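# Overview (structure and organization)
Residues per chain are reported as follows:
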Amino acid sequence: GFNSVYHLTDLPSFVSGRHIVFFDPHCKFLPNVSAANPGKRIDFVANDILARHRDQFEPFAAFGCDMRSHFDGTLFRFPLRTAKQ
């Protein structure tokens, strides 16, 4: 299932419609997450997240999501771990 993605990454995310969702089950990367609520869902149309965190969201632009308007599809991002991790 989906949990197998944690063999590759610690912070999977996806964009669909007007939202981006992050999963942080170890509660290491996102603010204000907990074991009971280990993720974030952000409406990127209503919030100008691209201006504040461009480096985190530019990978989605390569596939047609400008992070400013509704995206008609779903994109997953799995930042790979380094050998040390």
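What this report covers is the structure whose coordinates are included nearby. (Residues numbered from 1 in each chain as written. Predicted model: local features only at pLDDT ≥ 70, side-chain atom pairs only at ≥ 80, totals over all residues. Heavy atoms only, no water.)

A separate point is the sheet that holds strand β3 (residues 39-43). A sheet is described by the order of its strands in space; here 4 strands give the open sequence β3-β2-β1-β4, paired in antiparallel fashion. The open sheet has two edge strands, β3 and β4 (71-77), and neither has a second partner. Ignoring strand direction, the axes of neighbouring strands in this sheet form an average angle of 10°. Bridge analysis of strand β1 (residues 13-17) against β4 gives 5 bridges, and the strand direction is antiparallel. (Pairing = 2+ DSSP bridges. Helix = DSSP H or I, 4+ residues; strand = E, 2+ residues; numbered from the N terminus. Axes fitted to C-alpha atoms, helices over the stretch in contact; angles between N-to-C directions.)

Quick look at the side chain of T9 now. Considering the arrangement of structural elements, one finds T9 in the segment before β1. In this structure the side chain of T9 is engaged in a polar contact, spanning 3.3 Å, whose partner is the backbone nitrogen of L11. A distance of 2.5 Å separates the side chain of T9 from the backbone oxygen of P79, its partner in a polar contact. In this structure T9 touches F78, P79 and R81, once residues within four positions along its chain are discounted. (Polar contact = N/O pair within 3.5 Å; in protein donor to acceptor, adjacent residues only side chain to side chain. Contact = heavy atoms within 4.5 Å.)

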